[in-house]
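Residues per chain, in single letters:
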Amino acid sequence: MIDARGLARTFTTGHGTVEAVRGVDLAVAPGEIVGFLGPNGAGKTTTLRMLTTLLAPTAGTAAVAGCDLRGDPAGVRRRIGYVAQGGGTDPAVPAGEELDLQARLYGVPGRGERIAALCARLNLRGLEARPAGSLSGGQRRRLDIALGLVHRPPLLFLDEPTTGLDPQSRGDLWDHIRALREQDGTAVFLTTHYLDEADALCDRLLIIDGGRIVAEGTPAELKRRVAGDVLTLELADASGAEPARRALSPHPAVREATVTGRGVRLTVEDGEKALMSLIRALDGAGVELASLSLSRPTLDDVFRTVTGRSLRDAA
Ligand SMILES: Nc1ncnc2c1ncn2[C@@H]1O[C@H](COP(=O)(O)OP(=O)(O)OP(=O)(O)O)[C@@H](O)[C@H]1O
Ligand SMILES: [Mg+2]
């Protein structure tokens, strides 16, 4: 569905040049949900705008939905749906009219039925007469997605689909996105800041930072490959933290050990197996433990391992 090589975009502004995207390779298969994760300014929207023909790449090539990005941009546009960050509806226009206009633009056959079916699927029934500006955030986002789907594209681009929504509406929207793939085999390429969203929704993730892809894989692979397990130790006495770190760092299973206040945070290969010998090493160093927890790494741990900063700090 997408095969991009060396995609790059530089912006020239009054204050100099910004290398927003610096050579991105990516591939999305039919029916796949791929997430593009990264902090503010990482280059997510710029990449999406290039792939959807809204912005010309400075360098690189891409085939999108079977059409060449540079050679056949109109072909690309006919075969994709794009939901922009922040949406694109006119607040004064009723939802049903927006949908009808979109269907006419694409020459959708049987557009009345198509719109009715989409409204049923995206929980928009009964809202057709309401101006988009009067809809709730979640309703408006569902309308944005319906607009992107009117012409039955096999590939849908979603830029930050759930930013600003409450947890309930986010969960609802996730269900709708999953249903797209299950019922129609639609491939989805979405950007997000949210680790939980990437984790819950995506088959595969690309992590972008500073215009470059810094890690790639399924959520489980990324967590396994990059971060190991996370072991958090709280010590009876804060003065034990540094001796504990020193005692545990040389352990063969420990990849990384950092002091955090009155505790130590360890990244450990195969945490459950290593646990007993780590506790013995602490004992041997005479450090008293107050509590301990072993957790699977989150995608934030992955991001931290790859870039040296937390996704939250980076944003
Ligand atoms: N039209 C433009 N002119 C100049 N600089 C731009 C332009 N568009 C984007 N940039 C810059 O390119 C970089 C990447 O921006 P982009 O919008 O792609 O980031 P993003 O990953 O989508 O971030 P966010 O999570 O905040 O949406 C930023 O430094 C941004 O300021
Ligand atoms: Mg963006």
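What counts and how
- Residues numbered from 1 in each chain as written.
- Chains lettered and ligands numbered in written order.
- Predicted model: local features only at pLDDT ≥ 70, side-chain atom pairs only at ≥ 80, totals over all residues.
- Heavy atoms only, no water.
- Pairing = 2+ DSSP bridges.
- Helix = DSSP H or I, 4+ residues; strand = E, 2+ residues; numbered from the N terminus.
- Salt bridge = Lys/Arg side-chain N within 4 Å of Asp/Glu carboxyl O.
- Buried < 20%, exposed > 50% of the residue type's maximum accessible area, 1.4 Å probe, protein only.
- Axes fitted to C-alpha atoms, helices over the stretch in contact; angles between N-to-C directions.
- Parallel < 35°, antiparallel > 145°, perpendicular 65-115°, else oblique.
- Left-handed = near helix turned anticlockwise from the far one by under 90°.
- Contact = heavy atoms within 4.5 Å.
- Nonpolar A, V, L, I, M, F, W, Y, C, P; charged D, E, K, R; others polar.
- Domains from an automatic or database assignment.
- Near = heavy atom within 4 Å.
- Polar contact = N/O pair within 3.5 Å; in protein donor to acceptor, adjacent residues only side chain to side chain.
- Areas by Shrake-Rupley, 256 points an atom, 1.4 Å probe, with all protein chains shown as cover.
- Phe/Tyr/Trp six-rings, centres within 6.5 Å; stacked < 30°, edge-to-face > 60°.
- Donors = N, O, S within 2.8 Å, 3.2 Å for Na, K, Ca; no water.

Chemist: Please provide a residue-by-residue account of the pairing of strand β10 (residues 212-217), values included.
Modeler: Direction of pairing for strand β9 (residues 204-209) relative to β10: antiparallel, over a ladder of five bridges. Bridging across to β10, leucine 205 finds its partner in glycine 217.

Chemist: Residues and numbers for the pattern of salt bridges, please.
Modeler: Going through the model one piece at a time under the given rule, you end up with 22 salt bridges. The shortest N-O distance in the salt bridge between glutamate 197 and arginine 170 comes to 3.4 Å. Of the two residues, glutamate 197 sits in helix α7 (residues 195-201) while arginine 170 sits in helix α6 (residues 167-184), which places them 27 residues apart along the sequence. On the basis of relative accessible area, arginine 170 is assigned to the buried category, the value being 12%. One salt bridge connects arginine 304 with aspartate 301, and the closest N-O pair in it is separated by 3.9 Å. Of this pair, arginine 304 and aspartate 301 both sit in helix α11 (residues 299-307), separated by three residues, roughly a single helical turn. With relative accessibility at 33%, the residue arginine 304 sits in the partly exposed group. Beyond isolated ion pairs, a larger network of salt bridges with shared partners links Arg265, Asp300, Asp301 and Arg304.

Chemist: Describe the packing of helix α3 (residues 95-105) against helix α4 (residues 111-121), listing the residues and the values that go with them.
Modeler: At a minimum axis separation of 10 Å, α3 and α4 run at an interaxial angle of 130 degrees. For the element pair α3 / α4, the angle class is oblique. The chirality of how α3 crosses α4 is right-handed. Contact residues: Leu99, Asp100, Ala103 and Arg104 in α3; Arg111, Ile115 and Cys119 in α4. Its residues assigned to classes, the contact of α3 with α4 comprises four nonpolar, no polar and three charged.

Chemist: Can you lay out the domain arrangement of the protein chain for me, pointing to particular residues and giving the numbers?
Modeler: Domain assignment breaks the protein chain into domain 1 (2-222) and domain 2 (229-296). Computed over C-alpha atoms, the centres of domain 1 and domain 2 are 43 Å apart.

Chemist: Any chance you could break down the sheet that holds strand β5 (residues 67-68) for me, citing the residues and the numbers?
Modeler: On the basis of which strands lie adjacent, the open sheet formed by four strands has the order β2-β1-β4-β5 and antiparallel pairing. Both outer strands of the open sheet, β2 (16-28) and β5, are each paired with one neighbouring strand and no more. Here strand β1 (residues 2-13) runs beside β2; their pairing, made up of 10 bridges, is antiparallel. Considered in β2, the bridge of leucine 7 is made with valine 24. Sitting on the sheet, helix α1 (residues 44-51) touches β1, β2 and β4 (59-64), and the angle it makes with β1 is about 115 degrees.

Chemist: Residues and numbers for the site of ligand 1, please.
Modeler: The environment of ligand 1 is made up of 15 residues, and the closest members are Asn40, Gly41, Lys44, Thr45 and Thr46. In the environment of ligand 1, an oxygen atom lies 2.9 Å from a nitrogen or oxygen atom belonging to the backbone of glycine 43. For ligand 1, an oxygen atom lies 3.0 Å from a polar atom in the side chain of glutamine 85. Burial of ligand 1 by the surrounding chains reaches 64%, relative to a free accessible area of 640 Å². Elements supplying a minimum of two residues to the shell around ligand 1: β1, β2 and α1. Ranked by residue count, the leading element in the shell around ligand 1 is α1, at three residues. Partitioning the shell around ligand 1 into residue classes produces five nonpolar, eight polar and two charged.

Chemist: I'd like a description of the packing of aromatic side chains, backed by residues and values.
Modeler: For the structure shown, the criterion picks out two aromatic pairs. Aromatic side chains phenylalanine 36 and phenylalanine 189 sit 5.3 Å apart centroid to centroid with 35 degrees between the ring planes, which places their arrangement in the tilted category. On the criterion of sequence distance, the pair formed by phenylalanine 36 in strand β3 (residues 33-37) and phenylalanine 189 in strand β8 (residues 187-192) is long-range, its members being 153 residues apart. The exposure class of phenylalanine 36 is buried, given its relative accessible area of 0%. Residue phenylalanine 189 is classed as buried on the basis of its relative accessible area, which comes to 0%. Geometrically, the ring pair formed by phenylalanine 157 and phenylalanine 189 is edge-to-face, given 6.1 Å between the ring centres and 90 degrees between the ring planes. Of the two residues, phenylalanine 157 sits in strand β7 (residues 155-159) while phenylalanine 189 sits in strand β8, which places them 32 residues apart along the sequence.

Chemist: Which residues make up the coordination of the magnesium ion (ligand 2), and what values do they have?
Modeler: Taken together, Thr45 (OG1) and Gln85 (OE1) make up the full set of protein donors to the magnesium ion (ligand 2), lying 1.9 to 2.3 Å away. Within this pair, whereas threonine 45 is found in helix α1, its partner glutamine 85 is found in the loop between β6 (80-83) and α3, the two being separated by 40 residues in sequence. With a relative accessible area of 25%, threonine 45 lands in the partly exposed category.

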